[in-house]
Amino acid sequence: MKKGLIFLGLLSFILLFLTGCGEKNPKMRDMPKYDTSECYFGEGFQDHTDYCKYFYNENSIKKFETDNRFKTVIPEDIENIKSYFKRVEQFVKEYTAYHEHYDFNLSQIKEGDYCYIDSKEGQPIGTGVYEKYDNYNVYYIDMEKQILYFIHNNI
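Let us look at the structure shown here. Since the structure is predicted, the reported quantities are computational estimates derived from the model, not experimental observations. (Residues numbered from 1 in each chain as written. Predicted model: local features only at pLDDT ≥ 70, side-chain atom pairs only at ≥ 80, totals over all residues. Heavy atoms only, no water.)

**Some remarks on the pattern of salt bridges**
Thinking step 1. This model, assessed by the stated rule, comprises nine salt bridges.
Thinking step 2. For Asp67, the salt bridge is made with Arg69, and the minimal N-O distance between the two is 2.6 Å.
Thinking step 3. A relative accessible area of 14% means that Asp67 is categorised as buried.
Thinking step 4. A salt bridge links Lys93 to Glu89; its shortest N-O distance comes to 3.1 Å. (Salt bridge = Lys/Arg side-chain N within 4 Å of Asp/Glu carboxyl O. Buried < 20%, exposed > 50% of the residue type's maximum accessible area, 1.4 Å probe, protein only.)

**Concerning the layout of surface pockets**
Thinking step 1. Quantified by volume, the largest pocket comes out at close to 200 Å³.
Thinking step 2. When contributions to the lining of the largest pocket are tallied by element, the ones reaching two or more residues are strand S2 (48-55) and helix H2 (78-95).
Thinking step 3. Residues of the lining of the largest pocket, tallied by class, amount to six nonpolar, four polar and two charged. (1 Å grid on protein atoms, 1.4 Å probe; cavity = no way out; pocket = protein on both sides within 12 Å on 5 of 7 lines; lining within 4 Å. Points joined across faces, edges and corners; volume = space filled by probe spheres on them. Helix = DSSP H or I, 4+ residues; strand = E, 2+ residues; numbered from the N terminus. Nonpolar A, V, L, I, M, F, W, Y, C, P; charged D, E, K, R; others polar.)

**Some thoughts on the nonpolar core**
Thinking step 1. Grouped together as the largest cluster of nonpolar side chains are 21 residues, with contacts concentrated most on Tyr51, Phe85, Phe104, Ile109, Tyr140 and Ile151.
Thinking step 2. Looking at this core, the elements with two or more residues in it are H2, strand S7 (135-142) and strand S8 (147-154).
Thinking step 3. Ranked by residue count, the leading element in this core is H2, at six residues.
Thinking step 4. When residues no more than four places from it in sequence are discounted, the contact partners of Ile109 are Ile78, Ile81, Lys82, Phe85, Phe104 and Tyr140.
Thinking step 5. By size, the runner-up hydrophobic cluster in this structure holds 15 residues, among which are Met28, Tyr34, Ile61 and Tyr139. (Core = buried A, V, L, I, M, F, W, Y, C linked by side-chain atoms within 4.5 Å. Contact = heavy atoms within 4.5 Å.)

**With respect to the pairing of strand S4 (residues 114-119)**
Thinking step 1. Relative to S4, strand S3 (residues 71-72) is paired through two bridges, and the arrangement is antiparallel. Paired with Lys71 across the two strands is Cys115, which belongs to S4.
Thinking step 2. Direction of pairing for S4 relative to S7: antiparallel, over a ladder of six bridges. Paired with Ile117 across the two strands is Val138, which belongs to S7. (Pairing = 2+ DSSP bridges.)

**Examining the sheet that holds S3**
Thinking step 1. As summarised here, the arrangement of the six strands in space is S1-S2-S8-S7-S4-S3, forming an open sheet in which the pairing is antiparallel. Here the strands that pair on one side only, and so sit at the sheet edges, are strand S1 (36-40) and S3.

**What about the side chain of Ser83?**
Thinking step 1. For Ser83, the location among the structural elements is in helix H2.
Thinking step 2. On the accessibility criterion, Ser83 (16% relative accessible area) is buried.
Thinking step 3. The contacts of Ser83, once residues within four sequence positions are left out, are Lys132 and Tyr133.

Right under this line is the structure:
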């Protein structure tokens, strides 16, 4: 009986560790707590495209203003940020089953919002290096709508 309880305890710990305590997107573990979310994950272990929306409230969205990873969007950033979303939109429309749920509009990208781009560009892979659009995560905060848009592309 005692061994059974120890086994169940260890199994529970391992499952919580592997699943990130319930967080479906491990890339959101160290972000401020959101109220609700909509997530669409691409198929595949390595090569896939993901799209999520995380809904915040008036108080919790403000935490991004002091998060050192996030940069305030200035006019010079807009085309670069758009380029990542254009790439994801292309893959979502052509290769995913959730394309009807992709509703990000490029005109939402505006000065005063916040953005964090986590890119593997320039890092070694196989015999070459990652290019700009090979493997990245973009976290875009629409402050007016209080939504964090998350895109991941690894194609």
